[in-house]
Amino acid sequence: MALRHALRCLPVVLVLGAIPFRGLAQGDTCTTALQVVSGVYASTGPTTGYAGPACGGGDNGNWYMYMASFTGAITITSCHPLNNGLQYDTYLKVYTGNCNSLTCIGFNDDMGQAGQSCGNNAFASYMQVNVTAGQNYYIVWTNTFSSLPFTWELNECEGTAA
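Basis of the calculations
- Residues numbered from 1 in each chain as written.
- Predicted model: local features only at pLDDT ≥ 70, side-chain atom pairs only at ≥ 80, totals over all residues.
- Heavy atoms only, no water.
- Pairing = 2+ DSSP bridges.
- Helix = DSSP H or I, 4+ residues; strand = E, 2+ residues; numbered from the N terminus.
- Axes fitted to C-alpha atoms, helices over the stretch in contact; angles between N-to-C directions.
- Disulfide = S-S within 2.5 Å.
- Buried < 20%, exposed > 50% of the residue type's maximum accessible area, 1.4 Å probe, protein only.
- Phe/Tyr/Trp six-rings, centres within 6.5 Å; stacked < 30°, edge-to-face > 60°.
- Contact = heavy atoms within 4.5 Å.
- Core = buried A, V, L, I, M, F, W, Y, C linked by side-chain atoms within 4.5 Å.

Asker: What exactly am I supposed to notice about the sheet that holds strand S5 (residues 91–98) here?
Answerer: Backbone hydrogen bonds hold the strands of a sheet together, and the pairing may be parallel or antiparallel. Across the sheet, five strands lie side by side as S1-S3-S8-S5-S6; this open sheet has mixed pairing. Every interior strand has two partners, whereas the edge strands, strand S1 (34–36) and strand S6 (101–108), have only one. If you compare each strand with its neighbour and ignore which way they point, the axes differ by 30° on average. As defined by bridge partners, S5 adjoins strand S8 (residues 136–142) across six bridges and the pair is classed as antiparallel.

Have a look at this one:
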């Protein structure tokens, strides 16, 4: 009887274990960066952590790591419906390389600088990044202007699968 009950519950556990939970806390440094894939994430707001080597501004940072599974482009933005009307001022940096030798790809403060607009949040950040399959990209949200929590999104746009 107990074995039959355990086997009946096993598929539920397997299904629940297969659902990714993306609300996890981010890392404070490159070596503790939370690995991410295309999706929506909740940032607790950068109140601690390293803002990274020379690349824009900020004193504290929330670190995420994206490994490209294709060669093409991704977009990273804090212009998300969950942030509508909040006017959170986010600051985004992206690096490539490894934690001992990071190279700044770029940074963005307000989307207008990237030729984009976010109707419900003038201070949202946006970057489009060209990626190469198998390479790591480090996404850092810093507290240059705000340490408030916010929602951000990573989208895989186009390219060739590895």
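Following the structure, the description resumes.
Asker: In this structure, what is going on with the state of the cysteines? I would like to understand it.
Answerer: Each disulfide consists of one covalent bond between the sulfur atoms belonging to two cysteines. Per the stated rule, a full pass over the model turns up three disulfides. Each sulfur of the disulfide joining Cys30 and Cys99 lies 2.0 Å from the other. One quick way to see it: the torsion about the S-S bond of Cys30 and Cys99 is about -80°, and its sign makes the bridge left-handed. On the criterion of sequence distance, the pair formed by Cys30 in the loop between helix H1 (2–18) and S1 and Cys99 in the loop between S5 and S6 is long-range, its members being 69 residues apart. Judged by its relative accessible area of 9%, Cys30 is buried. In this model Cys79 forms its disulfide with Cys118; the gap between the sulfur atoms is 2.1 Å. Given an S-S torsion of about 90°, the disulfide between Cys79 and Cys118 has right-handed geometry. Placement of Cys79 in the loop between strand S4 (70–77) and S5 and of Cys118 in the loop between S6 and strand S7 (126–131) is noted, with a sequence separation of 39 residues between them. Residue classification places Cys79 among the partly exposed positions, given a relative accessible area of 26%. Each bonded cysteine in the chain gets a number by its place in the sequence, and the pairs come out as 1-4, 2-5, 3-6.

Asker: Can you help me understand the packing of aromatic side chains in this one?
Answerer: Describing an aromatic ring pair means giving the distance of the ring centres and the angle of the ring planes. Here the structure, examined in full by the defined rule, presents ten aromatic pairs. Where Trp63 meets Tyr95, the ring centres are 5.9 Å apart and the plane angle is 10°; that geometry is what we call stacked. Highlighted residues: Trp63 in strand S3 (residues 61–67) and Tyr95 in strand S5, separated in sequence by 32 residues. Each member of the pair, Trp63 as well as Tyr95, carries the same accessibility label: buried. Cluster of aromatic residues (ring-pair linked, three or more members): Tyr41, Tyr64, Trp141, Phe150 and Trp152.

Asker: What am I meant to see in the environment of Gly106 here?
Answerer: Structurally, the position occupied by Gly106 is in strand S6. Assessed through its relative accessible area of 13%, Gly106 is described here as buried. Separated by 51 residues in sequence, Gly106 and Cys55 place their C-alpha atoms 6.8 Å apart. Residues within four places of Gly106 in sequence aside, it is in contact with Cys55, Leu92, Lys93, Val94 and Met127.

Asker: Looking at this model, I keep getting lost on the nonpolar core. Mind explaining?
Answerer: Within soluble globular proteins, side chains that are nonpolar tend to cluster in buried spots. Among the nonpolar cores identified, the biggest contains 21 residues, and Tyr66, Ile76, Ile139 and Trp152 are the most heavily contacted of them. Of all the elements in the fold, those that place two or more residues in this core are S1, S3, S4, S5, S7, S8 and strand S9 (150–161). Contact partners of Ile76, with chain neighbours within four places excluded, come to Leu92, Val94, Ser125, Tyr126, Met127, Val129, Ile139, Trp141, Trp152, Glu153 and Leu154. Core analysis: the next-biggest nonpolar cluster, separate from the first, contains nine residues, Ala33, Tyr95, Tyr138 and Val140 among them.

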